[in-house]
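Listed below, chain by chain, are the residues.
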Amino acid sequence: MLFLGGIPIVGLVFYFFFGRNWKKKTAKGRWIRQYTALSTPILRNIRGRYTQIANDARALTKSWGQDDIVDLITRTD
């Protein structure tokens, strides 16, 4: 019984040391950090323009009683 109970623990340790590709994960993390650093200023500009357009649309549709639709769209960011 002790042997059968220990198999999952041994398998988990074996997977942790031999089943993962740490080099690939590290390289991917580096790529994600570089991509984020490059895309953040561009996305900030786009979000700024989108916020202004959403505010204009909200002001326009408020008189029609439809401003809740604009709020719904802006919350699905």
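Preceding block: the structure.
This report concerns the structure included in the present document. (Residues numbered from 1 in each chain as written. Predicted model: local features only at pLDDT ≥ 70, side-chain atom pairs only at ≥ 80, totals over all residues. Heavy atoms only, no water.)

1. Points about the overall build of the protein
- Tallying secondary structure elements over the protein gives 3 helices and 0 strands in all.
- Element order for the protein, N to C, with α for helix and β for strand: α-α-α.
- Here the protein holds 77 residues, and the buried ones make up 5% of them.
- Accessible surface computed for the protein: about 7300 Å², of which carbon and sulfur atoms make up 68%. (Helix = DSSP H or I, 4+ residues; strand = E, 2+ residues; numbered from the N terminus. Buried < 20%, exposed > 50% of the residue type's maximum accessible area, 1.4 Å probe, protein only. Areas by Shrake-Rupley, 256 points an atom, 1.4 Å probe, with all protein chains shown as cover.)

2. A few points about the environment of Ala57
- Position of Ala57 relative to the elements: it lies in helix α2 (residues 22–62).
- With a relative accessible area of 27%, Ala57 lands in the partly exposed category.

3. Let's talk about the packing of aromatic side chains
- Scanning the entire structure with this criterion turns up 1 aromatic pair.
- Centre to centre, the rings of Trp31 and Tyr35 are 5.5 Å apart; their planes meet at 15°, and the pair counts as stacked. Placement of the pair is Trp31 and Tyr35 together in helix α2, with a separation of 4 residues, close to one helical turn. Taken as a pair, Trp31 and Tyr35 share a single burial class, namely exposed. (Phe/Tyr/Trp six-rings, centres within 6.5 Å; stacked < 30°, edge-to-face > 60°.)

4. Quick look at a nonpolar patch on the surface
- A cluster of nonpolar side chains, contributed by Ile9, Val13, Phe14, Phe16, Phe17 and Phe18, occupies part of the molecular surface with about 710 Å² of accessible area.
- A relative accessible area of 44% means that Val13 is categorised as partly exposed. (Patch = residues over 30% accessible without salt bridge, like charges linked within 9 Å, V, L, I, M, F, W, Y side chains within 5 Å. Salt bridge = Lys/Arg side-chain N within 4 Å of Asp/Glu carboxyl O.)

5. Thoughts on the side chain of Thr61
- By the element assignment, Thr61 lies in helix α2.
- Within the local environment of Thr61, its side chain forms a polar contact with the backbone oxygen of Ala57, the two atoms lying 2.8 Å apart.
- Only 3.4 Å separates the side chain of Thr61 from the backbone oxygen of Arg58, close enough to count as a polar contact.
- If we ignore the near neighbours within four places in the chain, the residues touching Thr61 are Gln66, Asp67 and Val70. (Polar contact = N/O pair within 3.5 Å; in protein donor to acceptor, adjacent residues only side chain to side chain. Contact = heavy atoms within 4.5 Å.)

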